[in-house]
Amino acid sequence: VFGGEKASNYDWVDLPTGKCRKLTDDESNNPAILPKDSKIFAIGDVRSAGHSESGSFEFVFEGKKYRPYSGSHWKTTLLGMEALKNNRRLIVTGSTLMYKRYLDDFPVFQLTNHWPDVRPSFQQDKIYVVQTATKVIERCLLMTTDPGDLILDPTCGSGTTAYVAEQWGRRWITIDTSRVALALARTRLMAAKFPYYLLADSTEGIKKEAELTGRTPPDHKPENDIKKGFVYKRVPHITLKSIANNPDIKKDMTREEIDKAIARYAETETLHDQPYEDNKRIRVTGPFTVESLSPHRVIATDEERPTTEMEAQKEAGVGQFETMILDNLKKAGVQNTIKNERLKFDQLEPYAGEWLHAEAEYTEKDGNTRQVAVCIGPEYGTVGTELVKEAAKEAVKGVGFDLLIVCGFAFDPHVSEEAKRYGKLNVLVTRMNPDLSMGDELLKKTGVGNLFMVFGEPDVDIRKQKDGKVVVEIKGVDIYDPTTGQIRSSSTDDIACWFIDTDYNEESFFVRHAYFIGADEPYDKLKRALRAEIDESVWSSLYSTVSRPFDPPKTGKIAIKVINHYGDEVLKVYEVK
Ligand SMILES: C[S@@+](CC[C@H](N)C(=O)[O-])C[C@H]1O[C@@H](n2cnc3c(N)ncnc32)[C@H](O)[C@@H]1O
């Protein structure tokens with residue numbers, strides 16, 4: 001049906017021969033088979049309800065006399081009725097005089113709260129299981145915001161809101177608790193390309209607007225201000241009144257002359273979802289940053305713990321949070337980034353230590369049983385070096401543990417160095433999945449995969465060049481294999497991106513260099529789309545395991561952040577003299 005479900009009463013047609021008739025079913029379903037210059041219309045009323053003396057005059061049409069029924073009146077004056085007749089807008093059905101409303105008079109339909117066109121269809125290119133269709137978000141966004149507005153989506157998933165906002169010239173902030181979601185959203189935005197919409201406040205936009213309205217353009221210098229919006233397509237809105245009151249419509253005018261006269265006086269509607277595009281240009285996502293809470297949110301949990309609290313812990317064993325974590329750890333084991341390299345416990349029991357929460361056993365590939373101590377970091381906050389130090393001291397003192405697992409949601413950047421200080425005692429820095437803080441109900445649904453992960457630390461080479469500048473090369477990530485107790489280096493294929501803060505101030509990580517690597521070049525499509533614009537040398541320096549040379553840090557420290565394809569990230573600080 002033309003124009004969606006609401007156009008179903010457009011079932012008549014004016015043929016080029018001058019005749020009109022009802023549409024056949026075939027023609028309704030496929031208007032393209034109608035002869036050229038046919039005009040589809042709906043039958044509407046020329047009368048309104050309620051009696052009025054002045055609106056009850058007799059009107060002659062094709063030799064017959066018509067009057068409005070009692071209790072109604074003509075919608076327009078005698079002159080207006082004449083104008084409708086001259087415009088061939090009148091038709092008799094049965095014995096009633098009616099009005100022809102052409103589909104072209106107003107070829108759009110207002111949306112209601114029923115959106116059958118956004119039904120989740122079979123979305124082939126989904127990158128996230130619960131990805132929202134762009135059309136749904138686009139409609140909400142266009143209904144509620146203007147270009148330049150700021151949109152917040154606190155549960156962004158694959159980043160559809162940010163993607164749509166970027167396309168429509170809105171600013172955005174987007175959040176998720178899942179590192180996987182953030183990794184997907186980041187890649188999606190970085191690889192995206194969008195149509196270039198004509199800005200109303202630009203030279204081309206002003207020209208286009210003048211062309212459309214026939215008005216002289218305003219005399220001000222365009223500033224490309226996105227807040228002034230785009231240049232949108234518009235449609236005529238021809239009404240019975242605009243024809244009836246049209247002073248230019250005269251007897252014996254041709255259809256073309258009448259159409260022109262109508263166009264001069266008809267109103268237009270702006271289609272805010274249909275800006276004009278400049279097909280010669282494409283856009284990419286504007287600059288954005290990805291921020292994470294870890295590892296800078298340091299809440300002192302271990303340094304100033306009151307003795308009373310420590311005593312209390314000893315007595316009570318472990319609290320509710322720790323019990324929940326231990327239950328899950330027992331079931332899930334510890335996983336590194338490689339499949340089948342899971343540390344599975346033969347047994348795990350709570351341990352009433354000062355810093356240790358559990359003791360466990362597991363068997364290595366060679367059949368040897370290993371003793372494990374477990375320390376659980378704070379429920380809210382970051383694991384600092386102090387905690388690692390104390391837990392390690394306690395583990396060394398005790399039964400003679402081989403391995404200490406320190407679990408945390410976030411880690412201070414120096415923790416990985418600290419973890420290496422204990423010789424025979426292997427300290428495994430283990431990241432807990434944030435899903436763990438969401439309670440047991442949710443966990444039952446998501447399953448126990450990847451709840452406790454060891455993500456190794458960057459394997460880097462830092463070189464000083466002859467000119468005094470520093471170059472960093474990333475060689476991979478050191479991964480601990482829990483099944484053998486060995487550390488080995490994984491390849492750079494596992495790395496999605498790596499960043500350098502070339503002058504780290506110990507407080508916040510500032511991305512001064514960014515490199516995007518990975519096995520299958522994820523931005524290849526974008527690169528091809530931008531072929532003409534791209535400076536090949538700049539591109540290849542972004543897709544690199546060797547950094548561009550930079551000045552030695554004034555702070556004496558650089559920090560390197562490495563993120564894998566799952567969104568796991570690790571930050572390490574290096575001294576550079
Ligand atoms: C239905 S998905 C959103 C899908 C998204 N509109 C898209 O197109 O991909 C909901 C998201 O909310 C996230 N989430 C759940 N609880 C959250 C919380 N408390 N804070 C932030 N994000 C949360 C989940 O990780 C998930 O990615």
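Below is a short write-up of the structure. (Residues numbered from 1 in each chain as written. Predicted model: local features only at pLDDT ≥ 70, side-chain atom pairs only at ≥ 80, totals over all residues. Heavy atoms only, no water.)

On to the overall build of the protein. Helices and strands together make up the secondary structure of the protein, namely 15 helices and 30 strands. Across the 577 residues that make up the protein, the buried fraction comes to 45%. Counting contacts in the protein only where the partners sit at least 6 residues apart, residues at least 24 apart contribute 61% of the total. Of the roughly 31,600 Å² of accessible surface on the protein, a fraction of 51% belongs to carbon and sulfur atoms. (Helix = DSSP H or I, 4+ residues; strand = E, 2+ residues; numbered from the N terminus. Buried < 20%, exposed > 50% of the residue type's maximum accessible area, 1.4 Å probe, protein only. Contact = heavy atoms within 4.5 Å. Areas by Shrake-Rupley, 256 points an atom, 1.4 Å probe, with all protein chains shown as cover.)

Looking now at the nonpolar core. Counting 26 residues, the largest nonpolar core has Phe 345, Met 432 and Phe 452 as its most contacted members. Of all elements in the fold, only helix 10 (320-332), strand 19 (358-363), strand 20 (369-376), strand 21 (403-408) and strand 22 (426-432) reach the threshold of two or more residues within this core. By residue number, the principal contributor to this core is helix 10, which donates 6 residues. When neighbours within four sequence positions are excluded, Phe 345 is seen to be in contact with Leu 329, Lys 330, Gly 333, Val 334, Ala 360, Glu 361, Tyr 362, Val 372 and Ile 405. Residues Leu 90, Leu 97, Tyr 99 and Ile 258 belong to the second largest nonpolar core, which totals 21 residues. (Core = buried A, V, L, I, M, F, W, Y, C linked by side-chain atoms within 4.5 Å.)

Moving on, we come to the sheet that holds strand 1 (residues 12-14). An order of 2-1-3-9-8 is seen for the 5 strands of this open sheet, with the pairing classed as antiparallel. One side of each edge strand has no neighbouring strand; the edge strands of this open sheet are strand 2 (20-22) and strand 8 (90-93). Neighbour-to-neighbour, the strand axes of this sheet turn through a mean angle of 45°, independent of strand direction. (Pairing = 2+ DSSP bridges. Axes fitted to C-alpha atoms, helices over the stretch in contact; angles between N-to-C directions.)

This brings us to the environment of Asp 201. You can see Asp 201 is positioned in the loop between strand 12 (193-197) and helix 6 (203-213). Judged by relative accessible area, Asp 201 falls into the buried class, the value being 3%. For Asp 201 and His 220, which are 19 residues apart along the polypeptide, the C-alpha to C-alpha distance reads 9.5 Å. Beyond its immediate sequence surroundings of up to four residues, Asp 201 is in contact with His 220, Pro 222, Glu 223, Asn 224, Asp 225 and Lys 228. Here the side chain of Asp 201 touches His 220 through a polar contact of 3.4 Å, side chain to side chain. (Polar contact = N/O pair within 3.5 Å; in protein donor to acceptor, adjacent residues only side chain to side chain.)

A few words now on helix 10. With 13 residues, helix 10 should reach 18 Å at 1.5 Å per residue; the first-to-last C-alpha distance of 18 Å fits that figure. Within the sequence span of helix 10, burial applies to Phe 321, Glu 322, Met 324, Ile 325, Leu 326, Asn 328, Leu 329 and Ala 332. Just beyond helix 10, the residue with positive phi is Gly 333, at close to 70°. (Expected span 1.5 Å × (residues − 1).)

As defined by bridge partners, strand 8 adjoins strand 9 (residues 96-102) across 4 bridges and the pair is classed as antiparallel. Note on strand 9: the bridge partner recorded for Ile 91 is Met 98. Linking strand 8 to strand 9, which pair antiparallel, is a turn of 2 residues; within it Gly 94 sits at a positive phi near 65°.

Its place among the elements puts Phe 455 in the loop between strand 23 (452-453) and strand 24 (458-464). Residue Phe 455 is classed as buried on the basis of its relative accessible area of 13%.

Once that is clear, we can look at the pattern of salt bridges. Where charged atoms from two side chains of opposite charge come close, those side chains can pair. Scanning the model with the defined rule gives 26 salt bridges in all. Residue Arg 21 is joined to Glu 27 by a salt bridge in which the shortest nitrogen-to-oxygen separation is 2.8 Å. Using a relative accessible area of 8% as the deciding quantity, one classes Glu 27 as buried. Connected through shared salt-bridge partners, Asp 461, Arg 463, Glu 473 and Lys 475 make up one network. (Salt bridge = Lys/Arg side-chain N within 4 Å of Asp/Glu carboxyl O.)

Inspection of the secondary structure assignment puts Asn 87 in the loop between helix 2 (78-86) and strand 8. For Asn 87, a relative accessible area of 2% corresponds to the buried category. Contact partners of Asn 87, with chain neighbours within four places excluded, come to Ile 243, Arg 255, Ile 258 and Ile 262.

Under the criterion given, the structure shown has 0 disulfides. The thiol of Cys 407 is unpaired, and the distance to the nearest cysteine sulfur, on Cys 375, comes to 7.9 Å. (Disulfide = S-S within 2.5 Å.)

Let us now look at the sheet that holds strand 28 (residues 513-516). Two strands in a sheet stick together by hydrogen bonds in their backbones, pointing the same way (parallel) or opposite ways (antiparallel). Strands sit in the order 28-27-29-30 across an open sheet of 4 strands; the sheet is antiparallel. The open sheet terminates on both sides in strands that have one partner only, identified here as strand 28 and strand 30 (569-575). Shown here is a sheet whose adjacent strand axes are inclined to one another by a mean of 15°, direction ignored. Of the pairings in the sheet, the one linking strand 29 (residues 557-564) to strand 30 comprises 7 bridges and is antiparallel in character. When the sheet's bridge partners are listed, Ile 560 is paired in strand 30 with Lys 572.

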